[in-house]
Amino acid sequence: MSDTLLPLHTVVDPARRRETRDRLEVLTALLGGPHVEPLFREALIHVPAEHPVFGWRCRVEDCHHSRTNARDLCHPHKMEWDRGRQASPQLTRREFLRDAKPAKFYDRAGEPPVCRICLVRPARHHGLELCLAHNSRWKKASATEPGLAFEDWLATQTEPFHGYGDCIVASCQSLSGSPLGLCRVHEIRYEAEGSPGQAMRPPKWFNRFEKVGRPVPILYGDKAAFLCWCKTTHPVSRAGTINLQGLSPLVRAEFQWTLFAHTQRGAHTYWPTWWIQQVVNLVRERRVGSLTELAEERSQLDSRKRFILHEALTVSRRRREEWLSSW
C-alpha cells in the first residue's frame, strides 16, 4: 500500500481540529489499555475463526467455510440443514451438527501465493505458483518441447523478475501484479467499473519496456480520477478479516473501540465480519473524519449498517465514558 494515497481528512475549523485531536488521544489511550484484545489495535484485524463474539467459521466440525449472515452454518450446510428439516421435521440442531460432514472447500478468497521464482510477484497460476511472465514462459517452453518436465524447466529459471510493490489501493495489502500498480482483483474491478481516469499500460508494454529493462510508463486520461478511485474503492474481501486501512486515524480508532466495546456487552447481537466491513467500506467511500458525521443519515441505511452505527454512536460512546470515569 502506498502511503501517498491514504485519504487524509482535513479539518479546517480550529475548534473541530482540537476536538478531533482530543478524541483521538482519548481513544488511543483507551485502546492501549491492558483490557483491550491486541487484535483491536490493528488496522487489519484478523479475527480468530472461533472468537467468542466475532467468530466466523461454520460450526460443523472441520468445516472451513465462513458462516452465512447471522447463522452458525455456512451456505452449503445451511442448505443441507433446510433439506434435512423438510425431510425430518424432528431433526435437532445438535443431531445435525453431530452427523454433518465438512463441505468441500476451495480457498479462492485467500491471498494468492507468490511466484516460486520471483518471490516478489503474485502467482497468476496458483497451482504451479508462477507469475504471469513465468507462466507465459512455461507455456511457450512446453509447447515447443512437449516432453519437457516442469521440474527440468524450473531448474533453468535462475533470473527472477523484479516486483511491482504493493497494490496502490489505500485499503489493500496484496502485491501488485503489473506496472499499473493494482493487484489482480483490483485490476479486474477497475476495468469492470469503467476504468476511472483511463489509466493503462502502453501497447506491447512487456516486449517494448520490461523485457529490455526499461521502466513501463503508465498513460492516464485523468490521473487524479484514478488516484481518487484507488483511495475509495473497497478492499478485497477476506474471510474473517476487517480491513480498516485507508481510514482517517480518528475513524479507525472509533471502529476499533466500537468492536472492543461490543465484546464487553453482557448481551450482544452477532455481527458477521462482512457486515462490519460493509460499514467500513461505506465510511471509506464518504471519506468522513468521524462516524458522528453519519448520525443524521442512519435512517437511510439498511438495517445491518444501522445496527452497527447505532452502537458506535451510542453504546460504545457510553462505555468509553464509563472507562474514563473509572480511571
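A brief report on the enclosed structure follows. Since the model is a prediction, treat every value here as computed from it, not as a measurement.

## Concerning the overall build of the protein
Thinking step 1. A count of helical and extended segments in the protein gives twelve helices and two strands.
Thinking step 2. Counting from the amino terminus, helix and strand elements in the protein follow one another as α-β-α-α-α-α-α-α-α-β-α-α-α-α.
Thinking step 3. Its C-alpha atoms give the protein principal-axis dimensions of roughly 70 × 65 × 35 Å.
Thinking step 4. In the protein, which comprises 327 residues, the share counted as buried stands at 43%.
Thinking step 5. Looking at the protein alone, contacts between residues at least 24 apart form 57% of all its contacts between residues at least 6 apart.
Thinking step 6. When the accessible surface of the protein is summed, it comes to about 18000 Å², and 52% of that surface belongs to carbon and sulfur atoms.

## Quick look at the side chain of Ser290
Thinking step 1. Along the polypeptide, Ser290 turns up in the loop between α10 (273-286) and α11 (303-313).
Thinking step 2. A distance of 3.0 Å separates polar atoms of two side chains, one belonging to Ser290 and the other to Thr292.
Thinking step 3. Once residues within four sequence positions are removed from consideration, Ser290 is found in contact with Arg23, Leu250, Val251 and Glu254.

## Concerning the pattern of salt bridges
Thinking step 1. Scanning the entire structure with this criterion turns up eleven salt bridges.
Thinking step 2. The shortest N-O distance in the salt bridge between Glu254 and Arg23 comes to 2.7 Å. Separated by 231 residues along the polypeptide, Glu254 in helix α9 (residues 249-263) and Arg23 in helix α1 (residues 14-31) bring together distant segments of the chain.
Thinking step 3. One salt bridge connects Arg201 with Glu187, and the closest N-O pair in it is separated by 2.9 Å. In this pair, Arg201 sits in the loop between α6 (184-192) and α7 (205-208) while Glu187 sits in helix α6, placing the two residues 14 residues apart along the sequence.
Thinking step 4. Assessed through its relative accessible area of 23%, Arg201 is described here as partly exposed.
Thinking step 5. Because the salt bridges share partners, they merge into one network encompassing Arg59, Asp72 and Arg93.

Calculation rules
Residues numbered from 1 in each chain as written. Predicted model: local features only at pLDDT ≥ 70, side-chain atom pairs only at ≥ 80, totals over all residues. Heavy atoms only, no water. Helix = DSSP H or I, 4+ residues; strand = E, 2+ residues; numbered from the N terminus. Buried < 20%, exposed > 50% of the residue type's maximum accessible area, 1.4 Å probe, protein only. Contact = heavy atoms within 4.5 Å. Areas by Shrake-Rupley, 256 points an atom, 1.4 Å probe, with all protein chains shown as cover. Polar contact = N/O pair within 3.5 Å; in protein donor to acceptor, adjacent residues only side chain to side chain. Salt bridge = Lys/Arg side-chain N within 4 Å of Asp/Glu carboxyl O.

Honestly, it's all geometry; don't read function into it.
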